[in-house]
Amino acid sequence: MSSTATAQHLINGEFVGDAVLERRNPARPGEVAVVSASGTRADAETAIAAAAAAQREWAAVPAPGRGAVLLRAADLLRERAGKVAEDLVREEGKTMAEASGEVGRAIGVLQFFGSLGWASTGTTYDSALPRTTVSTQRRPLGVVGLITPWNFPIAIPAWKTAPALLAGNAVVLKPSDLTPMSASHLAAALLDAGLPAGVLNVVHGTGSTVGEVLTHDDRIAALSFTGSTRVGRQIGRVLNERGARSQLEMGGKNGVLVVDDADPRRAAQVVAAGGFGLTGQACTATSRVYVTPGIRAAFLEELAAIAATYAPGDGLEQGTSMGVVASDAQLERNVTAVRTAVGSGATLLHGRPESDGLYFEPVIAVDVDHASPLAADEIFGPIIAVMDVPDYESGLAAINDSAYGLTAGICTTSLSHATDFADRAHAGVVKVNRATAGLDLHVPFGGIKDSSSGTFREQGHTATHFYSWEKTVYVGSD
Ligand code: NAD
């Protein structure tokens, strides 16, 4: 049964704005998944003003009280999880299992940061001065802006909003205009959990209107962005110019090195999970694989067999092993990249450079030139480029020869390869015998090079550091 959801802005505690923007279900082009409000510059400015007015009172709530709101929101989201996951599938196209996992992630994030309301945030030192103590305290920044992409439409808004609120800030969030509903569910859970009006505002709409205002408005003390490297760099320049703090988590081109001592079946499972899961639409997806000669044939045979088990389908249908591509623009990128690679000599071991609508089969391309766009650029599709390397050292060099540095992996049974790779791979996250995609919520996450501003890490308890500043206080007792 089709059901169109409605996503309005949340401004000053009220859901407002005419729902005028249609987002079709990518798996069912005839079905409107969501109609959403489309924010103007004035909407964004009103939201910032509401946040500025609400922030001090929120910061005055003791941290355990702020955390309690996040914990209650986690409970509400859990009660609503089925509906939230279904709406997520309708607007984004991933499978129900993936969407349920993502909603579970958002719940876990709220629980994690909610419970940190009880954790200490400062340190006490012995001063070098007599009868003096020194301590540090963390202070909120004020109003923070959050700009998020479409591929994790509830998890990313959650992992930015929760630490921002816990640290005592007020927030203006702009979700991707392709996936407005998931962020609206998050906002509704927080509002229903007792978050005061104005502390969290959500303004839907495009980057060139709402996003631009958040980037340029001096009332936004800090902006956390996740999305493409092109847009992130652009935003970062503006934030630097006006002396505001920015956190940019951007694209990836994540490589896995498969060496002779690996188990070919296990290696194929690791590579396929990283490359084809989430339809390859993850910043941490495996998209290039370097393989040494002794394992090449066995590994490729296993990988092709696994690829054949992934069939793109409607995420709402039971048994769908892979969701659809989220948009026509993304499909165009997938198809062009594969066509270009084939045109320059690559062979397709699985998949084809065309699709049935947004149903795009997983692709394994072999004999790919390391300098070609398929090997070097972020495509963001279920496409794995396989390249031959003579040995471990050249494989490691190829992994590191990338503009990006988000995740890097190795499949090996050798302790010395594992430890050496962990030491020398140039990426924010290194995975040994585990898929490049998939992260624990309680540990820091972020990239280097063109994948990140490299300033503050997201996730884990230190995520609150981006959203706060540290004050040092000396107290003398005489
Ligand atoms: P995108 O850069 O096109 O858009 C991201 C967000 O920025 C959207 O909300 C968009 O509306 C907004 N935006 C666009 N132009 C803007 C502007 N001029 N000013 C302000 N805001 C603007 O990215 P996308 O297509 O939504 O997402 C896919 C990208 O996100 C991929 O590159 C992927 O690797 C990256 N990503 C990174 C991570 C990470 O943690 N590193 C996680 C998920 C996705």
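Relevant structure appears above.
Source: prediction; values computed, not measured.

A. Molecular detail of the overall build of the chain. A count of helices and strands for the chain gives 14 helices and 22 strands. Its C-alpha radius of gyration of 23 Å places the chain within 12% of the 23 Å reference for a compact globule of 478 residues. Principal-axis analysis of the C-alpha atoms gives the chain an extent of 75 × 60 × 40 Å. Accessible surface, the chain as shown: approximately 18500 Å² in total, 53% of it carbon and sulfur.

B. Structural view of the environment of L348. The topology assignment puts L348 in strand β15 (residues 347-350). Apart from the residues lying within four places of it in its own chain, the contact partners of L348 are V338, V342, P353, V363, I364 and A365.

C. Structural detail: the pairing of strand β19 (residues 407-411). Burial analysis of β19 places 5 of its 5 residues in the buried class, the great majority of the element. Taken together, the 4 bridges between strand β13 (residues 254-258) and β19 define a ladder with parallel strand orientation. In the sheet register, L257 faces β19, and the bridge partner there is I410. For the handedness criterion, the β-α-β arrangement of β19, helix α14 (residues 415-424) and strand β20 (residues 429-432) is classed as right-handed.

D. Structural context of the site of the ligand. As a matter of local geometry, the ligand sits amid 28 residues, with T148, S228, M250, C283 and E378 nearest to it. In this structure, G227 approaches the ligand through a main-chain N or O atom, which is 3.4 Å from an oxygen atom. In the model, a nitrogen atom of the ligand is placed 2.8 Å from a nitrogen or oxygen of the M250 main chain. In the complex, the protein chains occlude 89% of the 850 Å² of accessible area that the ligand would expose alone. In this structure the site holding the ligand corresponds to the largest pocket. Elements with a minimum of two residues in the shell around the ligand: α7 (207-216), β11 (220-226) and α8 (229-241). For the shell around the ligand, the leading source of residues is α7, giving 4 residues. Classifying every residue of the shell around the ligand by side-chain character gives 13 nonpolar, 11 polar and 4 charged.

E. Region of interest: the layout of surface pockets. Considering only enclosed or pocket space, the largest pocket measures out at about 1200 Å³ in volume. Every residue lining the largest pocket is counted, 45 residues in all, and those nearest its centre are W150, F225, G227, S228 and V231. Looking at the lining of the largest pocket, the elements with two or more residues in it are α5 (155-166), α7, β11, α8 and α11 (328-343). Split by residue class, the lining of the largest pocket holds 19 nonpolar, 17 polar and 9 charged. Each of domain 1 (5-250 + 452-476) and domain 2 (254-432) gives at least three residues to the lining of the largest pocket. Considering the residues around the second largest pocket, the lining is formed by 18 residues, among which A119, S120, T121, R138 and T464 are closest to the centre. Among the elements of the structure, α2 (63-79), β7 (132-140) and β22 (468-476) are those that each provide at least two residues to the lining of the second largest pocket. Examining the composition of the lining of the second largest pocket, we find that 3 residues originate from one element, β7, more than from any other.

Calculation rules
Residues numbered from 1 in each chain as written. Predicted model: local features only at pLDDT ≥ 70, side-chain atom pairs only at ≥ 80, totals over all residues. Heavy atoms only, no water. Helix = DSSP H or I, 4+ residues; strand = E, 2+ residues; numbered from the N terminus. Rg over C-alpha atoms; globule rule 2.2 N^0.38 Å. Areas by Shrake-Rupley, 256 points an atom, 1.4 Å probe, with all protein chains shown as cover. Contact = heavy atoms within 4.5 Å. Buried < 20%, exposed > 50% of the residue type's maximum accessible area, 1.4 Å probe, protein only. Pairing = 2+ DSSP bridges. Right-handed = clockwise from strand over helix to strand, strands pointing away. Near = heavy atom within 4 Å. Polar contact = N/O pair within 3.5 Å; in protein donor to acceptor, adjacent residues only side chain to side chain. 1 Å grid on protein atoms, 1.4 Å probe; cavity = no way out; pocket = protein on both sides within 12 Å on 5 of 7 lines; lining within 4 Å. Sits in = over half its atoms within 2 Å of the grid points. Nonpolar A, V, L, I, M, F, W, Y, C, P; charged D, E, K, R; others polar. Points joined across faces, edges and corners; volume = space filled by probe spheres on them. Domains from an automatic or database assignment.

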